[in-house]
Structures are given as structure tokens and as C-alpha cells.
Amino acid sequence: MGNEHKVLTRPAWLLALLGLVLVGAGAALWHQHQHDQAQTAAADQARRLANSLAGELGQRVNHHREQLEQLAGRPDSPAPTFDQPLTPTPWRDNTRQLRVPDGHPGEERLSFTLRELLHNLRERGEVVVSSKGGEQPALLMARTTPGGAMILEHDLRPWLRSLDQRLPQGSALTLSQGDLTLIRRGQTGRASATASARGGPFNLTLAVPPTPPSWQSLLLPAGISAALILLVIYAVFARLARRQPAPAASAVRRPDSAPARPAAPAASSLPPAPEPEPETPSEPEPGPAPPQALFGPDGIRATDDAPLDGTALEQLGRAIGSEAGAAGQHTLFVVCTGEADAKQALIDGLMASGRQVVDLGEAPPAVLHYATEVLESQSGVCLTDDGDQRALDVVINGELLHGDRLLRLRERLLARNLDEGSGEREQRDLNDRYLNAVADDIILARPMSVAVQGTGATAGLAPRLLGELGCKVVAVEGTDEGALARTVGEQNLNLGLAFDAGGGLSLVASDGRLIAADRLLMLLARDLLERNPGADVLFNMTDNQALADLIRKQGGRPVMDDGGPARLRARMKELAVPLAGEANGHIFFADRWYGFSDALYAAARLLEVLSLQAGNSAEAFAPYTDTF
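The structure presented is a predicted model; accordingly, all values stated were derived computationally and were not measured.

Asker: How do you make sense of the overall build of the chain when you look at a structure like this?
Answerer: Looking only at helices and strands, the chain has 16 helices and 24 strands in total. Expressed as a percentage of the 628 residues in the chain, the buried residues total 49%. Sequence-distant contacts in the chain: of pairs separated by 6 or more residues, those separated by 24 or more amount to 66%. Carbon and sulfur atoms make up 52% of the accessible area of the chain, which amounts to about 32000 Å² in all.

Set out below in C-alpha cells:
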């Protein structure tokens with residue numbers, strides 16, 4: 001037996017190891033085969049489900065088209081008289097109707113979506129099918145009736161709720177009509193199988209993740225194979241061992257001799273003393289996750305009940321740094337307008353996640369976005385504090401986070417899914433480069449005179465930029481718009497500009513009147529479409545029919561979205577829109593600029609337009625007064 005043991009401890013075990021490697025390779029091939037089958041099965045499942053759901057949607061469209069035809073010829077719901085408001089009937093079977101007489105004064109107060117539907121109906125003269133997304137997605141249909149039109153609205157939320165029970169776990173669904181995305185549920189994974197189908201005027205895209213093959217399915221065949229290989233090797237080498245002669249004894253012990261003492265083992269053969277395991281430093285436990293109330297649809301915003309204090313900023317810094325690291329971004333820019341302690345807490349959290357921080361100092365939010373467009377990293381954070389509300393905007397890999405992407409930061413904190421490290425901090429000033437880039441893009445046809453008011457870094461840089469453009473600049477203290485209007489009137493200035501800390505822009509014309517954001521966008525859209533005929537203009541001013549009409553008359557296409565600045569920027573990239581505007585004064589230019597909200601660039605671009613006109617700014621805005 002000792003001889004057998006010697007033989008088996010050398011080549012036998014090497015061959016056994018080789019056998020195990022072969023078993024592992026076979027198991028890996030089997031696993032890949034199962035993965036390919038799972039991918040094929042997911043593609044088939046996505047195709048079947050997409051066709052089935054699109055078929056259901058098409059049936060709904062046809063059913064409600066027939067329902068609309070029947071209702072249009074019945075007097076069950078008489079049209080309101082001109083002194084009655086336009087109100088739909090109560091919901092019944094998730095459907096309601098609205099009759100709109102021609103020329104009814106209440107039509108102007110309908111939502112943008114309904115006015116757009118009526119406009120298309122009158123142009124085509126046939127049944128028009130449309131939809132609306134947001135929190136109350138619905139299928140919309142309109143048909144002409146004697147003296148007016150009838151609109152049928154079908155609530156899609158019950159149908160969407162039923163999908164939660166029918167769709168595979170981890171799947172994603174997108175419902176769109178033309179270039180407009182109406183509904184997006186779930187996140188599409190990299191390995192997901194995708195299929196699209198059409199239901200009526202809608203396009204439905206479904207992404208289904210493949211079921212990963214289970215390693216447990218390999219245990220039985222791999223175990224049996226390994227056992228058989230080991231048994232064969234053992235049997236072969238045991239047979240070879242029995243055929244070899246026994247070795248001669250080195251010495252014959254006499255019967256009367258004393259038993260030999262066992263030799264002491266050599267020092268080299270003694271097993272080494274176990275070394276003490278190094279102590280693993282305990283990782284610091286992150287604090288509690290900030291309250292969910294901080295995470296708004298467009299950014300992280302402090303509230304009365306949920307302050308964005310130092311503790312929250314440090315924790316958010318760790319989560320943001322970890323999220324950036326997962327996206328392959330290891331350097332983050334930081335822009336801050338506010339208290340130094342808050343900025344330090346944020347930077348401490350970013351460096352604790354191992355990220356390198358480039359501190360751009362006190363600068364407008366636009367400087368952060370400019371940095372992510374022209375410098376070495378596409379990620380950063382902007383902390384603003386106008387004394388009223390502290391806010392945090394996060395850009396990761398060129399995307400301004402909003403909605404569910406923001407909530408993932410909180411989920412990281414709750415799951416303790418945080419990177420650990422020790423990052424470094426670098427100071428850099430980008431303000432001069434940013435101002436030079438804006439000034440190089442703008443050419444004024446004549447000198448302009450401007451009053452400037454506001455708080456934060458944007459208002460602080462405005463006089464430098466406008467002076468570089470050759471403007472006469474008058475600074476107005478405080479935030480009272482009345483003081484700005486009086487200054488413009490008393491000093492006979494061309495324009496008054498008011499900048500808020502969050503990046504919004506407000507205007508006062510030469511006659512001292514406040515110019516709303518929609519009127520500003522109308523003037524900019526007209527100038528843009530004269531040079532870019534057929535371009536899209538994106539906006540979230542849902543009650544502005546005059547804006548949509550102006551864009552159409554200029555040969556463009558109005559694109560409406562009900563989101564805030566972050567969502568508008570995402571939609572702008574998605575649709576390649578050159579100009580977008582938001583009700584709070586955020587203006588986005590992708591024409592000659594980078595597509596982010598930039599109040600300074602928008603103000604300079606407006607001055608360029610006004611400098612080309614002979615009259616004053618009040619005359620330039622006069623055609624755009626009837627906005628609602």
C-alpha cells in the first residue's frame with residue numbers, strides 16, 4: 001500500500017488535475033450553449049409579446065374608432081353653448097368624451113395636446129388618432145361633427161397596470177408615436193433581447209432580459225464526469241503499481257536487537273508555523289440615506305422638511321462618486337455657489353469614493369456643463385444656494401440625471417453599494433475660457449445698452465461678458481423686477497436682464513414691461529427657423545397655442561414635453577433639437593452651442609438678434625403678445 005501511495009502522489013494527481021480542467025472546459029461550453037439558448041428564447045419571447053401587445057393596442061384603437069363613430073351621430077351628449085365651459089363627460093369604462101363647437105371661446109383654454117389634436121383634425125378632415133404621455137397616459141381620437149368636433153379620450157393606465165403582471169421581470173417597454181415617446185417603463189439591459197411592433201399609429205418596443213443559465217444545472221453532469229475520470233486514473237495507476245517489484249530492505253533487523261528509535265524529522269520537513277492573519281480594517285458605515293423628498297423629478301432640491309445639509313451632501317457625494325465610477329468616470333468637476341462648508345462636505349464625499357475632484361470654484365451652472373463638453377471628464381456636480389433653496393445638479397457621462405436615475409443614488413446609500421478610496425482635489429478656473437467661448441460665437445451688429453440684475457455667479461459674470469461684446473452695462477442691486485424696469489426706462493436702455501442662481505433668465509423690454517419666457521422663445525424660434533427651415537423646437541409651455549402656431553408658420557415642428565430642464569435636455573439630445581425653452585426661463589441652444597441650459601449664452605444670442613433690428617426691444621417683442 002505504501003508503494004501504491006508513492007505512485008499515486010506524482011503523475012496520477014497531475015493527470016487528475018488535467019481531467020478536472022477538461023471537465024471545467026466542457027462545463028463552460030455547456031454553460032455558453034445554455035446562455036445562447038436563453039438569448040434565443042428571450043428574443044422569441046420579446047417578439048411574441050411585442051406582437052401580442054401591439055395587437056391589443058391596435059384592437060383598442062379600432063374599437064374606440066368605432067365607438068367614436070357611433071357617439072358622433074348620437075345626441076346623448078349635446079355640445080355646450082358658447083356661455084358654458086368646455087368640460088368632458090364623466091369617465092365611463094375608462095373613457096370620456098368632449099364636444100367642441102366651432103369658434104367656442106373656451107377652446108383656447110384647452111391643453112396644448114387637445115388643441116394640437118383639433119388643429120390636425122381641421123387640416124385633414126378625417127378621424128385623427130393621437131395620445132398623451134406623462135402621469136395620465138391616454139389614447140385620444142377626434143372626429144368632425146356638424147358644427148364642431150368630438151374628442152374621445154381613453155385612459156391607458158389600467159392597461160399599463162395589467163402589463164406589470166404579464167411582462168417578465170426586468171423587462172422594459174417603450175410606447176411612442178412618431179418621434180414622441182409617450183411611455184417608458186423599466187430600464188433596458190445590455191444583454192436584453194429587443195423587439196418592436198406596430199399597433200395602430202403607435203410603435204411598441206419591448207426589451208426582455210434572457211434567463212441566465214443556472215450553474216446548478218452543471219453540478220450533476222460535471223460531478224459524474226469528474227468521478228469517472230478519477231476512478232479510471234486510480235485504477236490504471238494502481239494496476240501499474242502492483243506490477244513493480246518491491247524495493248529491497250536497506251537493512252535486516254536482528255531479532256534480539258532493540259527496536260530502532262524513529263529518527264527526528266528534519267527541521268525543513270516541519271510544517272511552517274501559521275502566520276497570524278492581518279487584521280482587516282473595518283469599513284466606515286455610511287450614514288442614513290437622505291430622505292426621498294430631496295429627490296425631485298429634475299434634480300436634488302432642499303425642502304423645509306428635508307434640508308440639504310452637510311451630512312446629506314457628504315453622503316450624496318459618496319453615492320455620486322460611486323455612480324460615476326461605475327460609468328467609467330473617475331474625475332468629477334465641482335461648481336459651487338453657496339457656503340464653503342456645504343461645498344467641502346460634498347467634495348469630501350466625492351473623494352471618499354476614490355474620485356479625483358477638479359474644483360472649478362464659484363461659477364454659473366453653465367460652466368459645469370461647458371466643462372463636461374470640452375474637458376477630460378464628462379461628469380460633475382453643481383451646488384447652488386440662492387439663500388432660498390439649496391439644489392444639487394448631477395451630470396454623469398454627459399447625462400444630467402433626473403427621475404429614476406437620481407433615485408439610484410439613494411438606492412446606493414441604502415444598499416451600502418459605495419466605492420472606497422482616497423481621491424485628490426485640484427483647483428482650476430474655467431470662467432475666462434467659458435466667457436471667451438461665448439464671446440467668440442456672438443457678433444453684435446450695433447452697440448447695445450443693458451441693465452443686469454440677479455444673484456449668484458451667473459449675474460456676477462454677466463457684466464464681464466456683455467462688456468466684452470461691446471455693451472454698455474448698468475448693474476441693478478437686489479432682485480426687485482420693478483427696480484430693473486425703472487432702470488431700463490429711466491436710462492433709456494435697450495434691455496433688462498435678470499439672472500437667477502439656478503440658470504433661469506428673465507427679461508424687461510425697453511418700455512419697462514416684463515417679457516415672459518414663451519415670448520422670448522417665440523422671438524428666438526423665429527430667428528432660428530429663418531436660418532434652419534424645418535427644424536424642431538422643443539418646449540414645455542403646454543398652454544401656449546401661439547408658440548406652436550408660430551413655429552409651424554415658420555416651417556418648423558413644435559415638440560411639446562411636460563418635463564423640467566433636465567428632461568428637456570435629455571429629449572433635446574434624443575430628438576436632435578436645435579432650440580428648446582422652459583417656462584422658468586431656461587433656454588437651450590444646440591445651434592452653434594452645446595445644448596445645455598445657459599442663461600448667459602441665451603442673453604448674448606438674444607442681443608445678437610435684437611442688434612440686427614432697427615427698432616427697440618419693445619417693438620421686437622410686440623408681435624408676440626397674444627400668447628394664450
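Having seen it, we continue.
Asker: For this particular structure, what's the right way to read the pairing of strand β17 (residues 472-476)?
Answerer: Note that strand β16 (residues 449-454) and β17 share five bridges and pair parallel. Looking at the pairing, Val450 lines up with Val473 of β17. Considered for its hand, the β-α-β crossover made up of β16, helix α10 (residues 456-468) and β17 is right-handed.

Asker: Would you explain helix α14 (residues 565-575) in this entry?
Answerer: A turn of α-helix holds 3.6 residues, and therefore any two residues three or four places apart point the same way. The complete set of buried residues in α14 reads Pro565, Ala566, Leu568, Arg569, Arg571, Met572 and Leu575. Within two residues after α14, Ala576 carries a phi angle of roughly 55°, on the positive side.

Asker: Sorry, what's going on with helix α3 (residues 157-166) here?
Answerer: Turning to α3, its buried residues are Trp159, Leu160 and Leu163. The arc that holds the buried residues of α3, viewed along the axis, is 100°, so those residues lie on one side. Every exposed residue of α3 that faces more than 90 degrees away from the buried side is listed here: Arg161 and Gln165.

Asker: Honestly, the environment of Ala462 in this entry has me stumped. Any pointers?
Answerer: As for its position among the elements, Ala462 is in helix α10. We classify Ala462 as buried; its relative accessible area is 0%. Among all residues touching Ala462, those that are not within four sequence positions of it are Val452, Phe499 and Leu600.

Asker: I would appreciate a short explanation of the packing of helix α5 (residues 310-326) against helix α6 (residues 340-352) in the present structure.
Answerer: The relative placement of two packed helices is expressed as an angle between their axes plus a distance between the axes. Across the interface, α5 lies against α6 with an axial gap of 7 Å and an inter-helix angle of 35°. Note on packing geometry: the crossing formed by α5 with α6 is right-handed. On the side of α5, the interface is formed by Gly310, Leu313, Glu314, Gly317, Arg318, Ile320 and Gly321, while α6 contributes Ala342, Ala345, Leu346, Gly349, Leu350 and Ala352. Here the contact of α5 with α6 is built from residues that sort into seven nonpolar, four polar and two charged.

Asker: Before we go on, may I ask you to explain the packing of aromatic side chains in this structure?
Answerer: Think of a pair of aromatic rings as described by two things: how far the centres are apart, and how the planes are tilted against each other in angle. Tallied over the entire structure, the rule returns eight aromatic pairs. Ring plane angle 65° and centroid distance 5.7 Å describe the contact between Tyr370 and Tyr434, whose orientation is recorded as edge-to-face. On the criterion of sequence distance, the pair formed by Tyr370 in helix α7 (residues 365-374) and Tyr434 in helix α9 (residues 431-441) is long-range, its members being 64 residues apart. Looking at Tyr370, the relative accessible area reads 4%, which means it is buried. One aromatic cluster is present, built from ring pairs that chain together Tyr370, Tyr434, Phe589, Trp593, Tyr594, Phe596 and Tyr601.

Asker: Whenever I open this one, the sheet that holds strand β20 (residues 514-515) confuses me. Can you help?
Answerer: By way of backbone hydrogen bonds, the strands of a sheet pair with one another, either parallel or antiparallel. Spatial strand order, β17-β16-β18-β19-β20: five strands in an open sheet with mixed pairing. Edge positions in the open sheet fall to β17 and β20, since each of these has one partner strand only. Packed on one face of the sheet, helix α11 (residues 481-490) meets β16, β17, β18 (495-499), β19 (505-508) and β20 and runs near 165° to β16.

Asker: Hey, could you run me through the side chain of Thr337 in this one?
Answerer: If you trace the backbone, Thr337 turns up in strand β10 (residues 331-337). Residue class for Thr337 comes out buried when judged on its relative accessible area of 7%.

Asker: Can you walk me through the pattern of salt bridges in this structure?
Answerer: A pair can form between side chains of opposite charge whenever their charged atoms are brought close. The full count for this structure, using the stated rule, is 35 salt bridges. Among the salt bridges present, the one from Arg318 reaches Glu420, with a minimum N-O distance of 2.5 Å. Of the two residues, Arg318 sits in helix α5 while Glu420 sits in the loop between α8 (404-415) and β15 (425-427), which places them 102 residues apart along the sequence. In this structure Glu420 comes out as partly exposed when scored by relative accessible area, which is 39%. One continuous salt-bridge network, built from bridges that share partners, spans Asp441, Asp527, Arg531, Asp591, Arg592, Arg605 and Glu608.

Asker: Would you take a moment to explain unusual backbone geometry for this structure?
Answerer: Note: most peptide bonds trans; most residues except glycine with negative phi. In this structure, Asp93 takes a positive phi of about 55° despite not being glycine. Owing to a relative accessible area of 66%, Asp93 belongs among the exposed residues under this scheme. Phi is positive for Asn492, which is not a glycine, with a value near 55°. Turning to its location among the elements, Asn492 is positioned in the loop between α11 and β18.

Asker: So what exactly am I meant to see when it comes to the sheet that holds strand β22 (residues 557-560) here?
Answerer: Spatially, four strands are ordered β22-β21-β23-β24 in an open sheet, and the strand pairing comes out mixed. Where the open sheet ends on each side, the last strands, each with one partner, are β22 and β24 (587-589). Each adjacent strand pair in this sheet contributes to an overall mean axis angle of 20°, direction not counted. Alignment of strand β21 (residues 536-539) against strand β23 (residues 579-581), held across three bridges, turns out to be parallel. When the sheet's bridge partners are listed, Val537 is paired in β23 with Leu579. Helix α12 (residues 517-531) contacts β21, β23 and β24 of the sheet and is inclined by roughly 175° relative to β23.

Asker: Honestly, the side chain of Asp359 in this entry has me stumped. Any pointers?
Answerer: Along the polypeptide, Asp359 turns up in strand β11 (residues 356-359). A polar contact is formed between the side chain of Asp359 and the backbone nitrogen of Gly361, at a distance of 2.9 Å. Among the polar contacts made by the side chain of Asp359, one reaches the side chain of Arg425 at a distance of 2.9 Å. Those residues in contact with Asp359 that lie beyond four places of it in its chain are Val334, Lys343, Ile347, Arg425, Glu426, Gln427 and Arg428.

Asker: I tried to follow the environment of Arg48 on my own but got confused; where do I start?
Answerer: Looking at the secondary structure, you find Arg48 in helix α1 (residues 2-72). Note: C-alpha distance between Arg48 and Leu206 (158 residues apart in sequence) is 9.9 Å.

Conventions adopted
Residues numbered from 1 in each chain as written. Predicted model: local features only at pLDDT ≥ 70, side-chain atom pairs only at ≥ 80, totals over all residues. Heavy atoms only, no water. Helix = DSSP H or I, 4+ residues; strand = E, 2+ residues; numbered from the N terminus. Buried < 20%, exposed > 50% of the residue type's maximum accessible area, 1.4 Å probe, protein only. Contact = heavy atoms within 4.5 Å. Areas by Shrake-Rupley, 256 points an atom, 1.4 Å probe, with all protein chains shown as cover. Pairing = 2+ DSSP bridges. Right-handed = clockwise from strand over helix to strand, strands pointing away. Arc of directions from axis to C-beta. Axes fitted to C-alpha atoms, helices over the stretch in contact; angles between N-to-C directions. Left-handed = near helix turned anticlockwise from the far one by under 90°. Nonpolar A, V, L, I, M, F, W, Y, C, P; charged D, E, K, R; others polar. Phe/Tyr/Trp six-rings, centres within 6.5 Å; stacked < 30°, edge-to-face > 60°. Salt bridge = Lys/Arg side-chain N within 4 Å of Asp/Glu carboxyl O. Polar contact = N/O pair within 3.5 Å; in protein donor to acceptor, adjacent residues only side chain to side chain.

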